[in-house]
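# Notes for the structure review
Below, each chain spelled out in residue letters.
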Amino acid sequence: REVEHLALQEFLVGTEYIVDTCSLEGEHLCCAVWRYTKKKGMPWNPRCIVTQHQEILPAEGEEQEALVRYVFDVLDAVGLRHGPCHTEVML
């Protein structure tokens with residue numbers, strides 16, 4: 001079977017945040033906020049991407065509040081009203 005759709009993602013340098021949410025009738029709930037650092041290129045493969053560090057962040061904090069607000073605005077903007085979502089944000 002031929003591939004009909006393909007999504008590619010460029011490697012961005014910086015800190016990656018993951019905001020996991022669940023929505024019901026347009027009301028969003030944040031389930032978790034993660035912080036990742038990744039590195040591109042290893043001696044055995046210069047194109048591979050390796051996670052160097054990952055941590056779940058505390059429920060409260062200035063950084064988390066800003067990320068959750070942003071993701072909730074994005075979910076509203078794209079019309080996601082029901083279901084889970086895994087949003088990746090690079091800073």
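Residues numbered from 1 in each chain as written. Predicted model: local features only at pLDDT ≥ 70, side-chain atom pairs only at ≥ 80, totals over all residues. Heavy atoms only, no water.

## As for a negative patch on the surface
Negative charge collects at one region of the surface, where E25, E27, D73 and D76 lie side by side. Take E25: it is sitting in the loop between β1 (16-24) and β2 (27-42). (Patch = residues over 30% accessible without salt bridge, like charges linked within 9 Å, V, L, I, M, F, W, Y side chains within 5 Å. Areas by Shrake-Rupley, 256 points an atom, 1.4 Å probe, with all protein chains shown as cover. Salt bridge = Lys/Arg side-chain N within 4 Å of Asp/Glu carboxyl O. Lys, Arg positive; Asp, Glu negative; His and termini not counted. Charge placed at Lys NZ, Arg CZ, Asp CG, Glu CD. Helix = DSSP H or I, 4+ residues; strand = E, 2+ residues; numbered from the N terminus.)

## Description of the side chain of Q64
Tracing the backbone shows Q64 in helix α1 (residues 62-78). Look past the residues within four positions of Q64 in its chain and what remains in contact with it is V33, L57, P58 and A59. (Contact = heavy atoms within 4.5 Å.)

## Examining the pattern of salt bridges
For the structure on display, the rule yields three salt bridges. Between E16 and K38 there is a salt bridge whose closest N-O contact spans 3.0 Å. Separated by 22 residues along the polypeptide, E16 in strand β1 and K38 in strand β2 bring together distant segments of the chain. The exposure class of E16 is buried, given its relative accessible area of 7%. (Buried < 20%, exposed > 50% of the residue type's maximum accessible area, 1.4 Å probe, protein only.)

## Quick word on the pairing of strand β3 (residues 45-56)
For a regular strand, side chains alternate in direction, first toward one face of the sheet and then toward the other. By the bridge criterion, eight bridges tie β2 to β3 in an arrangement that is antiparallel. For M42, the partnering residue across the bridge sits in β3 and is N45. Where β2 folds back onto β3 in an antiparallel hairpin, the turn is made up of two residues. (Pairing = 2+ DSSP bridges.)

## Details of a nonpolar patch on the surface
The grouping of V3, L6 and L8 at the surface amounts to a nonpolar patch, some 400 Å² of accessible area in total. Relative to the assigned elements, L8 resides in the segment before β1. The class for L8 is exposed, based on a relative accessible area of 75%.

## Brief notes about the layout of surface pockets
Here the largest pocket defines a volume of roughly 220 Å³. Looking at the largest pocket, the residues that line it are Q9, E10, F11, L12, G14, E16, Y36, T37, K38, I49, E88 and M90. Sorting the residues of the lining of the largest pocket by element identifies β2 and β4 (83-90) as the ones contributing at least two each. (1 Å grid on protein atoms, 1.4 Å probe; cavity = no way out; pocket = protein on both sides within 12 Å on 5 of 7 lines; lining within 4 Å. Points joined across faces, edges and corners; volume = space filled by probe spheres on them.)

## What about the nonpolar core?
Counting residues in hydrophobic clusters, the biggest one holds nine residues: Y17, V19, V33, L57, L67, V68, V71, L75 and V89. Only β1 and α1 provide two or more residues apiece to this core. A total of four residues in this core trace back to one element, the largest contributor, which is α1. Among all residues touching V71, those that are not within four sequence positions of it are V19, T21, T87 and V89. (Core = buried A, V, L, I, M, F, W, Y, C linked by side-chain atoms within 4.5 Å.)

By themselves, these observations are geometric and do not establish any function.
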